[in-house]
Amino acid sequence: MSVKKKPLVVVTRKLPDSIETRMRELFDATLNLDDTPMTPQQIAEASRSADVLVPTVTDMISEEMLNHPDCKLRMIANFGNGVDNIDVTAAHARGITVTNTPKVLTEDTADMTMALILAVPRRLIEGATILPEGKNWPGWSPTWMLGHRIGGKRLGIIGMGRIGQAVARRARAFGLQIHYHNRRPVAPVIAEELGATYWESLDQMLARMDIISVNCPHTPATYHLLSARRLKLIRKDAYIVNTARGGVIDEDTLVKLLEAGDVGGAGLDVYEHEPAVNPKLVRLAKAGKVTLLPHMGSATIEGRVEMGEKVIINIRTFLDNHKPPDRVLPSML
């Protein structure tokens, strides 16, 4: 009696142990146990042998790779919500199914966004370095390390999807006034729940906000959505927080505005050229003008495990000849 061959699944990065163990049970899984990022050449080679590729946000799956005559992929099960690292159109044209892991990172990312919204105006990171680094602290003073109050300020959310709405719920609890720009208004019941004001014009919203939170996906349409022109519309005492994708902001212009004092400050978890970080941003962080985090908005144990479980469900459903629950089509982008 012949034993059915398990499909070959190549995983590009180290995943939680419980997820990797389950993958080995279900599939002929090639794992990346030391978590060394695979090179583009290694990923291309994997595409010529694997049935399923499990990449992450840092792995670029290009049209050239997918159109190679030796590409054997039947499925790309992305370990992540955003799929800007994958040429979904090219995959679809070749008959390769693409899936992602939506909805499991909403609360974690919103938590980190809210943390930055609090940290930047109140100078939390700057203050947290005083004692551990042995800097001179004269004791409490009425005028030392003053930041700005959060309550009563206007928060402008760019992208009112699941994460944007979760940010709005948290921000409202801190007394912030909720404003947002989106491709279309949210349902009236949601707008009423959040007390949210819709701005059809992003330009008009930017010019009036105290804090701006970027929560939209990175697509060709949102690349440099906060362009040099739009960044210059922002008030000099306003703050910018980005936990979405670095490419949504013209980073070079943001740096110049921060250096000149034409923006109040910024809290960034993502960068335009990750993993490289603009050295000028690092200098600004050391000067207390910007808060930088190493892309950890969704970095919780629970979130990573849930992402892995979604990847497994998508793969198993596909291999059972059913439609995966988290399939991504070009028309959805």
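Residues numbered from 1 in each chain as written. Predicted model: local features only at pLDDT ≥ 70, side-chain atom pairs only at ≥ 80, totals over all residues. Heavy atoms only, no water.

### A short note on the sheet that holds strand β12 (residues 290–292)
Part 1 of the reasoning: Taken in spatial order, the seven strands line up as β8-β7-β6-β9-β10-β11-β12 in an open sheet, and their pairing is parallel. Strand pairing shows two members of the sheet lacking a second neighbour, β8 (197–198) and β12, which therefore form its edges.
Part 2 of the reasoning: Summarising the sheet, strand β7 (residues 177–181) and β8 pair through two bridges and their orientation is parallel. When the sheet's bridge partners are listed, Tyr180 is paired in β8 with Tyr198.
Part 3 of the reasoning: Sitting on the sheet, helix α12 (residues 279–286) touches β11 (265–268) and β12, and the angle it makes with β12 is about 115 degrees. (Pairing = 2+ DSSP bridges. Helix = DSSP H or I, 4+ residues; strand = E, 2+ residues; numbered from the N terminus. Contact = heavy atoms within 4.5 Å. Axes fitted to C-alpha atoms, helices over the stretch in contact; angles between N-to-C directions.)

### A word on the pattern of salt bridges
Part 1 of the reasoning: Counted according to the given criterion, the structure contains 16 salt bridges.
Part 2 of the reasoning: With a closest N to O distance of 2.9 Å, Lys14 and Glu20 form a salt bridge.
Part 3 of the reasoning: Overall, Glu20 belongs to the buried group, its relative accessible area being 5%.
Part 4 of the reasoning: Of the charged contacts in the structure, one is a salt bridge between Glu133 and Lys135, with a shortest N-O distance of 3.4 Å.
Part 5 of the reasoning: Looking at Glu133, the relative accessible area reads 53%, which means it is exposed. (Salt bridge = Lys/Arg side-chain N within 4 Å of Asp/Glu carboxyl O. Buried < 20%, exposed > 50% of the residue type's maximum accessible area, 1.4 Å probe, protein only.)

### Details of the sheet that holds strand β2 (residues 28–30)
Part 1 of the reasoning: Taken in spatial order, the five strands make up an open sheet running β2-β1-β3-β4-β5, and their pairing is parallel. Either end of the sheet is taken by a strand with one partner, and the two such strands are β2 and β5 (97–99). On average, adjacent strands in this sheet sit at an angle of 15 degrees to one another, irrespective of strand direction.
Part 2 of the reasoning: Taken together, the three bridges between strand β1 (residues 8–11) and strand β3 (residues 52–54) define a ladder with parallel strand orientation. Bridge pairing links Val10 to Leu53 in β3.
Part 3 of the reasoning: Taken strand by strand, helix α13 (residues 301–319) contacts β1, β3, β4 (75–77) and β5, and its axis lies near 160 degrees from that of β4.

Treat this as a map of the structure, not an account of what it does.
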